[in-house]
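Next come the chains, spelled out residue by residue.
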Amino acid sequence: MKTKIFIVLIMLMTTALFAGLKVQPVMECVSNNGDGTWTAWFGYLNENPNVLTINIGVHNKFVGTPSEDMGQPTIFQPGRVEFVFEVTFNDGDNFVWSLSGPNGHGSVNANSGSAACPRTDDSDGDGVTDEYDEYPDDMQRAYNNWYPAEGDNSWGTLAYEDYWPFQGDYDFNDLIMDYRFNMVTNGSNLVIDVFGFFRLRAIGASFSNGFGIEFPFMADSVEVLSVEPVDLNLVQESSDGQLVLLFFDSAMDYMSPQGIDEFVNTDPAETWVDNFEFNF
Ligand SMILES: [Ca+2]
Ligand SMILES: [Ca+2]
Ligand SMILES: [Ca+2]
Ligand SMILES: [Ca+2]
């Protein structure tokens, strides 16, 4: 009788000892070191409320690495513990961290195709990480802001009626101008550069129509202004202190009708005239 009770007690104690919750290894992410090697970061999740010790060996080992001990912990704090240690490996390697806790076995693997770590480096110190910094070595600049969109073929088009503010003949071909802009901003979203690109496409007017822009910032905030082609007769003015650039007085100075045409590029049956392109 005594022996039976003793055996039951041992069984109860054994059950209590091993009825713990999971300890899971976690592969956080891998980052490319750029020299043929990679770094894998590991952490773990100990669902038990208490600290666990799992020694290096059959229950806590690396497979596919030079050693089964790659610096992994043997003492596991309760909860999710992130980025505990790192393992450097070569391109093409695939290896596993295998961990057995009170409630079974878990394993994670890592290779160059594993989830990539977000980059946190900011080479130029402008507060924008290299991953998002379009000028990673220029602390004055961080972002391109293209309008209407990035890409050499993304243009907006302006179509003018030169009798404005009267209706005129309402044909909106008196001056046709494509445009695209890039505003370069810094890490604080302040504008550092403004690049404008234009192409004059058509002139359907007898008037001499010029083209200028009033900018929504003060003329005296401009440090450097340049224009191409350099022989464009650019005039810089200010209106209530705001910058105004007059690119030309008469579009006909840059695109002339060919043959018997009166206008430029308004009739597909007539001789095509190349666009006049300029930028600042
Ligand atoms: Ca930066
Ligand atoms: Ca930058
Ligand atoms: Ca008109
Ligand atoms: Ca017209």
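Here the structure is a predicted model, which is why all the values come from computation and not from measurement. (Residues numbered from 1 in each chain as written. Chains lettered and ligands numbered in written order. Predicted model: local features only at pLDDT ≥ 70, side-chain atom pairs only at ≥ 80, totals over all residues.)

**Concerning the overall build of the protein chain**
Okay, step 1: Along its length, the protein chain carries one helix and 16 strands.
Okay, step 2: For the protein chain, the C-alpha radius of gyration of 35 Å lies well beyond 19 Å, the compact-globule estimate for 280 residues.
Okay, step 3: By the burial criterion, 16% of the 280 residues in the protein chain qualify as buried.
Okay, step 4: For the protein chain, restricting intrachain contacts to residue pairs at least 6 apart in sequence, the fraction spanning at least 24 positions comes to 57%. (Helix = DSSP H or I, 4+ residues; strand = E, 2+ residues; numbered from the N terminus. Rg over C-alpha atoms; globule rule 2.2 N^0.38 Å. Buried ≥ 20, exposed ≤ 12 C-beta atoms within 10 Å, placed from the backbone. Contact = placed C-beta atoms within 7 Å.)

**Description of unusual backbone geometry**
Okay, step 1: In this structure, P165 follows W164 across a cis peptide bond, with omega equal to 10 degrees.
Okay, step 2: Residue P229 is reached from E228 by a cis peptide bond, and omega for that bond is -5 degrees.
Okay, step 3: Structurally, P229 is set in the loop between β13 (211-218) and β14 (235-239).
Okay, step 4: Phi is positive for Y170, which is not a glycine, with a value near 55 degrees.
Okay, step 5: Along the chain, the position of Y170 falls in the loop between β10 (156-160) and β11 (175-185).
Okay, step 6: Here N265, not a glycine, exhibits a phi torsion of approximately 60 degrees, which is positive.
Okay, step 7: For N265, a count of 22 C-beta atoms within 10 Å puts it in the buried group.

**Observations regarding the domain arrangement of the protein chain**
How large an interface is tends to be reported as the accessible area lost when its parts come together.
Okay, step 1: The domain boundaries assigned to the protein chain delineate domain 1 (2-111) and domain 2 (143-279).
Okay, step 2: Its C-alpha centre places domain 1 at a distance of 65 Å from the equivalent point of domain 2. (Domains from an automatic or database assignment.)

**Thoughts on the confidence of the model for the protein chain**
Okay, step 1: Mean pLDDT over the protein chain stands at 90; residues scoring 70 or higher make up 92%.
Okay, step 2: Counting interchain partners and residues more than four positions distant, the pLDDT-below-50 stretch residues 8-18 has one contact. (pLDDT = per-residue confidence, 0-100.)

**Here's the deal with the nonpolar core**
Okay, step 1: By size, the foremost hydrophobic cluster in this structure holds 14 residues, and its most contacted members are L175, M177, L200, I203, F211, F248 and A251.
Okay, step 2: The set of elements that each furnish at least two residues to this core consists of β11, β12 (191-202) and β15 (242-248).
Okay, step 3: In this structure, V30, F76, V87 and F89 belong to the second largest nonpolar core, which totals 13 residues. (Core = buried A, V, L, I, M, F, W, Y, C linked by C-beta atoms within 7 Å.)

**Details of the sheet that holds strand β2 (residues 37-46)**
Strand pairing in a sheet relies on backbone hydrogen bonds. The paired strands run either parallel or antiparallel.
Okay, step 1: Here we have three strands laid out as an open sheet, ordered β1-β2-β6, and antiparallel in their pairing. Every other strand in the sheet has two partners, leaving β1 (23-32) and β6 (79-90) as the edge strands with one partner each. Within the sheet, the average angular offset between the axes of one strand and its neighbour, ignoring direction, is 25 degrees.
Okay, step 2: In the sheet, β1 pairs with β2 via nine bridges, with the strands oriented antiparallel. Within the sheet, the bridge partner assigned to V30 lies in β2 and is A40. (Pairing = 2+ DSSP bridges. Axes fitted to C-alpha atoms, helices over the stretch in contact; angles between N-to-C directions.)

**Here's the deal with the environment of Y254**
Okay, step 1: Turning to its location among the elements, Y254 is positioned in the loop between β15 and β16 (276-279).
Okay, step 2: Taking the C-alpha atoms as reference, Y254 lies 9.1 Å from N275; in sequence the two are 21 residues apart.
Okay, step 3: In contact with Y254, not counting residues within four places along its chain, are L200, F248 and F276.

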